[in-house]
Amino acid sequence: MANIFKRTLNRLKTAEKRSVSYDSTTAIGLPYSQIISPLSTLASMQLSVVYRCVDVVSDAIASQNWEHLEYKNNGWNKNEFSDYAFLLNKNPNPGMSKFIMFKTAITQTLLHGNGWIKIERPYPMGDPISLFLVNYPVTTYLKKDGSVYHIIKSPGEDITVADEDMLHFMKFTYNGYTGVSVLTHAFNSLGISYAAETSAKGFFASGANANIVIKTEGKLTSVKATDIKNAFKNAIGTSSADSSGYSGGIAVIESGLEVQPISVNPKDAQLLETREFNVVDLCRFFGVHPSKAFDSSNLTYSNIESFQLGFLTDTASPWDCNIESEINRKLLRPSKQKYNYFNLDISQLLRANLDAKANYVSKMFQCGGFTVNEVRREAGTPPISGGDKAYVPMNMLAVDTPITKNTKVDKKIKVEENEK
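Residues numbered from 1 in each chain as written. Predicted model: local features only at pLDDT ≥ 70, side-chain atom pairs only at ≥ 80, totals over all residues. Heavy atoms only, no water.

## Re the overall build of the protein chain
Within the protein chain one finds 13 helices and 12 strands. Burial status across the protein chain gives 35% buried among its 420 residues. Partitioning the contacts of the protein chain with sequence separation of at least 6, the portion at a separation of at least 24 is 62%. Accessible surface computed for the protein chain: about 26,000 Å², of which carbon and sulfur atoms make up 55%. (Helix = DSSP H or I, 4+ residues; strand = E, 2+ residues; numbered from the N terminus. Buried < 20%, exposed > 50% of the residue type's maximum accessible area, 1.4 Å probe, protein only. Contact = heavy atoms within 4.5 Å. Areas by Shrake-Rupley, 256 points an atom, 1.4 Å probe, with all protein chains shown as cover.)

Now the structure itself:
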């Protein structure tokens, strides 16, 4: 064991730092991006549709429970009380719950392109004992053999981490080593949406009054022009910091003055239409149906269920597969990977839909997929004696089963005929 530990340390010390490194992607400034000044993360999150898309995706992933499956007795069996299940579902580290850790990691992946979770082991080849969310910049270095290692830029020191000890989540990537933020690709749509929100804010802050010009036929002194302007501003209200006016006021102007608006009104600028379109446009980048962002323009009683199913199949399921592949590749020791597997239980997203859950459990029981006690466990009730048997309908036989006088089906038919 000491030799293994020594070889691992030497491998990390002699890892080649190539001249080309792949830095962690942030929402501002990418080395391979043509964007000069993308919208900042904070400004993007101030848009309601961005906040909702990030929130709904991260919540969907974090709310699912992890299942630890072991291959025993010629089949995969759940091990709900293993150390892995406890680590992933109960207590990944002393300072953070499982929900918050995974929600924050997915949020970082969406906004910055990369989410990092460090695996702590008692020794290099040991089983994990804790998982820590990484909140510092991470640089990934590519070595000659195609493998990578990571350096965490923590305050005071740089921490070198082997790739097998770092969970790296990324949704979209150009090179396979570093992810690209959704905000980077959605830069144009974010800019339009942010400009529309700013325009709407300025319009209503000014009392819904347009920009105006006061014209006169004569010549005014600068003092007189300033007095007229301030009087008009105080009467009709404005968003200027030096104004104490209010919206809906009455302005009295001198004879010979003409008030002329010069700005485009919101109707001509299609402000409302633009804001509605931006919701749909930004939802495309996040892979979220607009109904999940509370856009009810196309919702009906007949399609709302299909939209919910579309979220599970088109959004949540690919995310689950992405995260599961990283967890199964790195959390388990190589000797355990063949007979162990971790799976996110997507049925947790239907826990509030009792009708769909009851339909699922009923069908699983009727085909022999669930026993009575497994059905009771899904309902949160204790098991009963004799409830560990699976049942199948008697009116179904294998296609190659011959019908003879000795079959149960034939005997059942004879009993019915005798009763008649």
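## Some thoughts on a nonpolar patch on the surface
A cluster of nonpolar side chains, Tyr71, Trp76, Tyr339 and Tyr341, forms an exposed patch at the surface whose accessible area comes to about 420 Å². The residue Trp76 is located in strand E3 (residues 75–78) in this model. (Patch = residues over 30% accessible without salt bridge, like charges linked within 9 Å, V, L, I, M, F, W, Y side chains within 5 Å. Salt bridge = Lys/Arg side-chain N within 4 Å of Asp/Glu carboxyl O.)

## Let's talk about the sheet that holds strand E9 (residues 166–169)
Each strand in a sheet pairs with another by means of backbone hydrogen bonds, the pair being arranged parallel or else antiparallel. Strand order in this open sheet of 3 strands is E5-E4-E9, and the pairing throughout is antiparallel. A single partner strand is all that each edge strand has here, and the edge strands are strand E5 (130–133) and E9. Adjacent strand axes in the sheet meet at a mean angle of 25 degrees when their direction is disregarded. The sheet contacts of helix H5 (residues 98–112) involve strand E4 (115–120), E5 and E9, and relative to E4 the element is tilted by about 140 degrees. (Pairing = 2+ DSSP bridges. Axes fitted to C-alpha atoms, helices over the stretch in contact; angles between N-to-C directions.)

## Details of unusual backbone geometry
In this structure, Asn73 is a non-glycine residue whose phi angle is positive, near 55 degrees. Here Asn73 lies in the loop between strand E2 (65–72) and E3. Asn73 sits in the exposed class, given a relative accessible area of 78%. The backbone phi angle of Asn74 is positive, close to 60 degrees, even though this residue is not glycine. With respect to the secondary-structure elements, Asn74 resides in the loop between E2 and E3. Classification of Asn74 as exposed rests on a relative accessible area of 73%.

## Quick word on the confidence of the model for the protein chain
Overall, the predicted model of the protein chain reaches an average pLDDT of 76, with 69% of residues at or above 70. Ranking the elements of the protein chain by mean pLDDT puts strand E1 (residues 22–23) last with 44 and E5 first with 96. Predicted confidence is poor over residues 11–37, with pLDDT under 50, and the contacts of this stretch with residues over four places away or in other chains come to 66 contacts. This stretch, residues 239–246, has a pLDDT under 50; its non-local contacts, to residues over four places away or in other chains, come to 15 contacts. (pLDDT = per-residue confidence, 0-100.)

## A look at the state of the cysteines
Tallying each qualifying case throughout the model produces 0 disulfides. Its sulfur unpaired, Cys283 is 3.8 Å from the next cysteine sulfur, which belongs to Cys53. Given the relative accessible area of 1%, Cys283 is considered buried. (Disulfide = S-S within 2.5 Å.)

## A word on the nonpolar core
Val50, Ile117 and Phe286 are the most contacted members of the largest nonpolar core, which totals 45 residues. Counting residues per element, this core draws most heavily on helix H3 (residues 48–62), at 9 residues. Not counting residues within four places of it along the chain, the set of residues in contact with Phe286 comprises Val50, Cys53, Val54, Leu110, Val182 and Leu183. Ranked by size, the runner-up nonpolar core spans 6 residues in total, among them Trp116, Val138, Ile152 and Val161. (Core = buried A, V, L, I, M, F, W, Y, C linked by side-chain atoms within 4.5 Å.)

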